[in-house]
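# Observations on chain architecture
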Amino acid sequence: ELGKYRHYMQKEIFEQPQALANTLEPIAGAGIISPQIFGAEAVDVLKATRRVLILACGTSYHSGFTARYWLESVAKIPCTVEIASEYRYRESVPETDTLVVVISQSGETADTLAALKHAKSLGMTKTLAICNVPESAIVREAALRFITRAGPEIGVASTKAFTTQLAALALLTLALAKVNGRLSAEQESGYLTQLRHLPVAVGKVLDLEPEIERWAQRFASKQHALFLGRGSHWPIAMEGALKLKEISYIHAESYAAGELKHGPLALVDKDMPVIAVAPADELLEKLKSNLQEVRARGGELYVFADAGSEMPETEGVHILHMPEHYGLLSPVLHVIPLQLLSYHAALVKGTDVDKPRNLAKSVTVE
Ligand code: M6R
């Protein structure tokens, strides 16, 4: 069943172009985005949506956090993202014009299901599940649904579920923008072209595996790592840190790069590798100055930059250029090398990649 792959995680990382193509099938031949892909009643619900509340756990929380940047910048809809286990137990102020979006690979995560029920009990009845398992409890509990078509994910570390969730959330962003009159026909066709090209773009990033493997060998001996990103790539830095600690047991933390000098910079020395997610966007110059601060303290830098970025390799600064800059959807591409990095670091360390200690694939207990 594993074919040419050594582990399910590796297989699932490499299945991402196909998983994305399958998930994006509803727009494959269409020149327009149809809100009905979220359910027959979706048009009215999306039209009445004034804010979005996203609830999820773990990796699914990170896809929701990425989508927040898209929803606010493209659809102009205020969005809050909350960890399901926090939301369900805190006193919050319900607003009924909110679309509650729950994201879950398994559809069985106890806290996410309970958070959805809690939101409904507060009167928030407009609910959407983005899920990889059609018959799951979370899908049954939600009014609208979008099923990602990642296929079964066996590895405990979530990979293809994450990128297909991002694809679903990009579609949601476009649908919300469209029904609320915030998407010109030209923008719509531009985004759809980008989405349709996504599987090919991801395929090209996967070709970077040999180089990433070399990087992994360099820092698999480290005890700690710091992941930095800004904007929609901050959640990607968070996801990279989660992947690394989950399967290689290297302690990893992620920070919004602007937070560096507010505390974590004190940790940086030659034994603290810093991984930076550095797309060629409007925040790149800010990020570069954060990276100089790291370098000045002797921290070794591993930078995932975009094609064409002017970032020279120097002593202690390793740069890997992504094949292309991908605009709004760049987070989908930038997470791939981080998945590969943690996979190869785990291989060097000899950990049980598909079944990391203490973890279960589906967290059905609280
Ligand atoms: O099935 P879910 O998406 O609801 O699961 C949520 C988390 O348990 C899950 O994403 C977990 O963080 C992964 N093991 C991360 O790789």
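Here the structure is a predicted model, which is why all the values come from computation and not from measurement.

Applying the stated rule across the entire model yields 8 aromatic pairs. Taking the centre distance of 5.0 Å and the plane angle of 65° together, the rings of Phe65 and Trp234 count as edge-to-face. Here Phe65 is found in helix α4 (residues 58-75), whereas its partner Trp234 is found in helix α11 (residues 234-248), with 169 residues between them in sequence. Note on Phe65: relative accessible area 7%, which makes it buried. When the ring of Trp215 is compared with that of Phe304, the centres are 5.1 Å apart and the planes differ by 55°; the resulting orientation is tilted. Taken together, the residues span a long stretch of sequence, with Trp215 in helix α10 (residues 209-219) and Phe304 in strand β9 (residues 301-305) at a distance of 89 residues. On the basis of relative accessibility, which here comes to 0%, the residue Phe304 falls in the buried class. Through pairs of rings, three or more aromatic residues link up here, namely Tyr61, Phe65, Tyr69 and Trp234. Sitting over the face of the ring of Tyr249, Arg357 holds its NZ or CZ atom 3.8 Å from the ring centroid.

Take the sheet that holds strand β5 (residues 144-147) next. Taken together, the 5 strands give an open sheet; going across it, the order is β2-β1-β3-β4-β5, and neighbouring strands pair in parallel fashion. Among the strands making up the open sheet, the edge pair consists of β2 (79-83) and β5. Pairs of neighbouring strands in the sheet enclose a mean axial angle of 20°, with direction left out of account. Bridge count for strand β1 (residues 51-56) against strand β3 (residues 98-104) is 5 bridges, and the pairing is parallel. In the strand pairing of β3, Arg51 is matched with Thr98.

Side chains that differ in sign of charge can pair as their charged atoms come close. Tallied over the entire structure, the rule returns 17 salt bridges. One salt bridge in this structure joins Arg90 and Glu82, with 2.5 Å as the shortest N-O distance. Of the residues examined, Arg90 reaches a relative accessible area of 38% and is grouped as partly exposed. Note that Lys120 is salt-bridged to Glu141, the shortest N-O span being 2.9 Å. Placement of the pair is Lys120 in helix α6 (residues 110-121) and Glu141 in helix α7 (residues 137-141), with a sequence separation of 21 residues. A relative accessible area of 23% means that Glu141 is categorised as partly exposed. One network of salt bridges, with partners in common, ties together Lys11, Glu15 and Lys160.

Let's shift gears to the site of the ligand. With respect to spatial proximity, 14 residues lie near the ligand, and among them Ser60, Ser104, Gln105, Thr109 and Glu246 are the closest. Against a free-state accessible area of 410 Å², the protein chains account for coverage of 91% of the ligand. Spatially, the ligand is embedded in the largest pocket. Looking at the shell around the ligand, the elements that each hand over two or more residues are α4 and α11. With 3 residues, α4 is the largest single contributor of residues to the shell around the ligand. Taken together, the residues that form the shell around the ligand break down as 4 nonpolar, 8 polar and 2 charged.

Let us now look at the layout of surface pockets. Considering only enclosed or pocket space, the largest pocket measures out at about 590 Å³ in volume. Together, 26 residues line the largest pocket, and Cys57, Gly58, Thr59, Lys361 and Val363 are the ones closest to its centre. Of all the elements in the fold, those that place two or more residues in the lining of the largest pocket are α4, β3, α6 and α11. Per-element accounting of the lining of the largest pocket gives the leading share, 4 residues, to α11.

It is the contact of α4 with helix α8 (residues 160-179), at a shortest axis distance of 9 Å, that shows an interaxial angle of 25°. Classified by the angle their axes make, α4 and α8 are roughly parallel. Between α4 and α8 lies a crossing of right-handed hand. Along its contact with α4, which presents Thr59, Ser60, His62, Ser63, Gly64, Thr66, Ala67, Trp70, Leu71, Val74 and Ala75, the element α8 presents Phe162, Gln165, Leu166, Leu169, Ala170, Thr173, Leu174, Leu176 and Ala177. Considered class by class, the residues forming the contact of α4 with α8 number 12 nonpolar, 8 polar and no charged.

What counts and what doesn't
Residues numbered from 1 in each chain as written. Predicted model: local features only at pLDDT ≥ 70, side-chain atom pairs only at ≥ 80, totals over all residues. Heavy atoms only, no water. Phe/Tyr/Trp six-rings, centres within 6.5 Å; stacked < 30°, edge-to-face > 60°. Helix = DSSP H or I, 4+ residues; strand = E, 2+ residues; numbered from the N terminus. Buried < 20%, exposed > 50% of the residue type's maximum accessible area, 1.4 Å probe, protein only. Lys NZ or Arg CZ within 6 Å of the ring centre and 35° of its normal. Pairing = 2+ DSSP bridges. Axes fitted to C-alpha atoms, helices over the stretch in contact; angles between N-to-C directions. Salt bridge = Lys/Arg side-chain N within 4 Å of Asp/Glu carboxyl O. Near = heavy atom within 4 Å. Areas by Shrake-Rupley, 256 points an atom, 1.4 Å probe, with all protein chains shown as cover. 1 Å grid on protein atoms, 1.4 Å probe; cavity = no way out; pocket = protein on both sides within 12 Å on 5 of 7 lines; lining within 4 Å. Sits in = over half its atoms within 2 Å of the grid points. Nonpolar A, V, L, I, M, F, W, Y, C, P; charged D, E, K, R; others polar. Points joined across faces, edges and corners; volume = space filled by probe spheres on them. Parallel < 35°, antiparallel > 145°, perpendicular 65-115°, else oblique. Left-handed = near helix turned anticlockwise from the far one by under 90°. Contact = heavy atoms within 4.5 Å.

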